[in-house]
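Understanding the architecture of this molecule
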Amino acid sequence: MAEINDWPAFVAGMKLSGIALQLAAQTELKEVAGNEIVLAVPEGFRHLTDKAYADKLKAAVETALGKRVRVRFE
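Below you will find a few notes about this structure. (Residues numbered from 1 in each chain as written. Predicted model: local features only at pLDDT ≥ 70, side-chain atom pairs only at ≥ 80, totals over all residues. Heavy atoms only, no water.)

**Here's the deal with the overall build of the protein chain**
In plain terms, the rule: Secondary structure counts use DSSP, requiring at least four H or I residues in a row for a helix and at least two E residues in a row for a strand, with both numbered from the N terminus. Note on method: radius of gyration uses C-alpha positions; expected globular size equals 2.2 Å times residues raised to 0.38. Throughout, a residue-residue contact means that at least one pair of heavy atoms, one from each residue, lies within 4.5 Å. All accessible-area figures derive from a Shrake-Rupley calculation using a 1.4 Å probe, and residue coverage is judged against the displayed protein chains alone.
From N to C terminus, the protein chain includes three helices and three strands. Ordered by position in the sequence, the α and β elements of the protein chain form the string α-α-β-β-α-β. The C-alpha radius of gyration of the protein chain comes to 11 Å, within 12% of the 11 Å expected for a compact globule of 74 residues. Projecting the C-alpha coordinates of the protein chain onto the three principal axes gives extents of approximately 30 × 25 × 20 Å. Taking as baseline every contact in the protein chain between residues at least 6 positions apart, the subset at least 24 positions apart corresponds to 58%. Carbon and sulfur atoms make up 50% of the accessible area of the protein chain, which totals about 4500 Å².

**Here we look at the sheet that holds strand β1 (residues 28–33)**
Basically, it comes down to this: Two strands pair if DSSP finds at least two bridges between them. Interaxial angle, 0 to 180 degrees, is taken between N-to-C directions of lines fitted to C-alpha atoms, where a helix line uses only the stretch in contact.
Strands sit in the order β1-β2-β3 across an open sheet of three strands; the sheet is mixed. Across the chains shown, the open sheet's two edge strands, defined by having one partner strand only, are β1 and β3 (70–73). In this sheet, neighbouring strand axes are inclined to one another by 20° on average, regardless of whether the strands run parallel or antiparallel. Relative to β3, strand β2 (residues 36–40) runs parallel, the two being bridged by four bridges. What sits directly across from L39, in β3, is F73.

**Let's talk about the nonpolar core**
Worth spelling out the cut-off: Among the buried residues, those of types Ala, Val, Leu, Ile, Met, Phe, Trp, Tyr and Cys that are joined through side-chain atoms within 4.5 Å form a nonpolar core. To sort residues, take the accessible area from a 1.4 Å probe on protein chains only and compare it with the maximum for the residue type: under 20% means buried, over 50% means exposed, and anything in between is partly exposed.
Counting residues in hydrophobic clusters, the biggest one holds 21 residues, and the most contacted among them are W7, M14, L39, L57, V61 and F73. Of all the elements, helix α3 (residues 51–65) adds the most residues to this core, at four residues. V61 has contacts with W7, F10, M14, I37 and V69, leaving out every residue within four places of it along the chain.

**As for helix α2 (residues 18–26)**
As a reminder, the rule being used: Arc definition: directions from the helix axis to the C-beta atoms.
If you check which residues of α2 are buried, you get A20, L23 and A24. Taken down its axis, α2 places every buried residue within 95° of arc, on the same side. Those residues of α2 that are buried lie in contact with α1 (7–13), α3 and β3.

**Topic: the pairing of β2**
Convention followed: We call a crossover right-handed when, viewed with the strands running away from us, the connection from the first strand over the helix to the second turns clockwise.
By the criterion of burial, β2 is predominantly enclosed, with five of the five residues buried. Going residue by residue along β2, you find E36, V38 and A40 tucked away on one face and I37 and L39 tucked away on the opposite face as well. Pairing of β1 with β2, which is carried by five bridges, proceeds in the antiparallel orientation. Of the residues in β2, the one forming a bridge with E28 is A40. Where β1 hands over to β2, the hairpin turn is made up of two residues, of which G34 adopts a positive phi near 65°. With α3 bridging β2 and the parallel β3, this β-α-β connection has right-handed handedness.

Dropping the structure here:
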């Protein structure tokens, strides 16, 4: 499994599909601070941060890291 700091490789290693995969692919890792992960989302893809898709992405990140995290979008 890739390190989270290599976000594109980390995303590729997660079992994501559909809109959750699109969301992950369009974001850029800004910061990891403790259990909080901050992802930058371009304005044109802001609609992908819908709660259902964000929750799927969060669950995949938690599974990959083996711990609970908070995912925040900027």
